[in-house]
Amino acid sequence: MIIGNKPVRPPQTTGTASTSTRPATQPARNVVKDSFSPGTAATQRTAAVTAAPPGDHGKLMSDYLTGAIPPPADFEQVMGYKPYAIQTPHGQRMQDPLGYASVPGKIGPDKEFDKAAKTHDYGYDLLRYFEKKGTPLKPEARKAADAQFRKDMFDYANDQKGAMNRFKFRAWAQIYATAVELNSVRQHHGPP
């Protein structure tokens, strides 16, 4: 059996008035709302996770490095590794499992500063991550990563037994931290 229906045509309009019987406002379809913040679509909230949030990027970097906030949701996918947390005598630190102290010529106590270097590497990878996402962090973020590196090395040095050991590690911490900070100035505190 064949049924022939007339084609459906849009209502005709004359001037600016519509002859449609459709209500003036209809609710949007297929819009998922975020139950945590009224008026925000879930897709908007997810997008905000991967974008650099507004505000103090120095504090943001410190929060990432100390594990106060987790890595961005797609960090592992974008950067190729998952950071992990360690507990130090001076607080929790997030680490790049592939990181290491890259000292030219392997001079000095690079192995002793390995934990500080892995946290610093994670910080620099956060700078690279946000640059890849098109929302680079402000210079304060790199300054905060370098400051955490300096603090972690000096904490290690100050924890050593014996005045000579403390003096030796403080001297090397100063050399390494200064070299890193000068390189950051050379790169205008942007992503490395």
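Scroll up for the structure.
Conventions adopted
- Residues numbered from 1 in each chain as written.
- Predicted model: local features only at pLDDT ≥ 70, side-chain atom pairs only at ≥ 80, totals over all residues.
- Heavy atoms only, no water.
- Phe/Tyr/Trp six-rings, centres within 6.5 Å; stacked < 30°, edge-to-face > 60°.
- Helix = DSSP H or I, 4+ residues; strand = E, 2+ residues; numbered from the N terminus.
- Buried < 20%, exposed > 50% of the residue type's maximum accessible area, 1.4 Å probe, protein only.
- Lys, Arg positive; Asp, Glu negative; His and termini not counted.
- Salt bridge = Lys/Arg side-chain N within 4 Å of Asp/Glu carboxyl O.
- Contact = heavy atoms within 4.5 Å.
- Axes fitted to C-alpha atoms, helices over the stretch in contact; angles between N-to-C directions.
- Parallel < 35°, antiparallel > 145°, perpendicular 65-115°, else oblique.
- Core = buried A, V, L, I, M, F, W, Y, C linked by side-chain atoms within 4.5 Å.
- Nonpolar A, V, L, I, M, F, W, Y, C, P; charged D, E, K, R; others polar.
- Pairing = 2+ DSSP bridges.

Enquirer: Can you help me understand the packing of aromatic side chains in this one?
Expert: For any pair of aromatic rings, geometry is given as the distance between the ring centres together with the angle between the planes. All chains considered together, the criterion is met by 10 aromatic pairs. With 6.2 Å between their ring centres and 40° between their planes, Y64 and F130 make a pair best called tilted. Residue Y64 is found in helix α2 (residues 57–66), and its partner F130 is found in helix α4 (residues 114–132); the two are separated by 66 residues along the sequence. Accessibility assignment for this pair places Y64 and F130 in one class, buried. Cluster of aromatic residues (ring-pair linked, three or more members): Y64, F75, Y81, Y122, Y129 and F130.

Enquirer: Where do I start with the side chain of D146 in this structure?
Expert: Secondary-structure assignment places D146 in helix α5 (residues 139–158). Buried and without a salt bridge, D146 has R142 as its closest oppositely charged side chain, separated by 4.4 Å. In this structure, D146 is in contact with H120, Y124, V180, E181 and S184, ignoring residues within four places of it in sequence.

Enquirer: Just checking my understanding: could you explain the packing of α5 against helix α6 (residues 163–186) for this structure?
Expert: When two helices pack together, you describe them by how their axes are tilted relative to each other and by the distance separating the axes. At a closest axis distance of 8 Å, the pairing of α5 and α6 adopts a crossing angle of 170°. In terms of orientation, α5 lies roughly antiparallel with respect to α6. Between α5, through R142, D146, F149, R150, M153, F154, Y156, A157 and N158, and α6, the contact on the second element is made entirely by R166, F169, R170, A173, Q174, Y176, A177, T178, V180, E181, N183 and S184.

Enquirer: When you look at the nonpolar core in this model, what are you seeing that I'm missing?
Expert: Soluble globular proteins tend to pack their nonpolar side chains together in the buried interior. Within the largest apolar cluster, 31 residues are counted, with the highest numbers of intra-cluster contacts made by M61, F75, Y122, L126, L137 and M153. Elements supplying a minimum of two residues to this core: α2, α3 (75–79), α4, α5 and α6. Apart from the residues lying within four places of it in its own chain, the contact partners of M61 are G123, L126, L127, L137, A141, A144 and A145.

Enquirer: Would you mind going over the packing of α4 against α5 with me for this structure?
Expert: At a closest axis distance of 9 Å, the pairing of α4 and α5 adopts a crossing angle of 175°. Relative to α5, the element α4 is oriented roughly antiparallel. In this structure, α4 contributes A116, A117, T119, H120, G123, Y124 and L127 to the contact, and α5 contributes A141, R142, A145, D146, F149, D152 and M153. Residue composition of the contact of α4 with α5, by class: eight nonpolar, three polar and three charged.

Enquirer: What should I look at first to understand the pairing of strand β3 (residues 84–88) in this one?
Expert: Where a strand is regular, its side chains alternate between the two sheet faces. Sheet analysis places β3 next to strand β4 (residues 91–95), joined by five bridges and oriented antiparallel. Note that in β4 the partner of A85 across the bridge is M94. Between β3 and β4, which pair antiparallel and follow one another directly, the connecting turn spans two residues.

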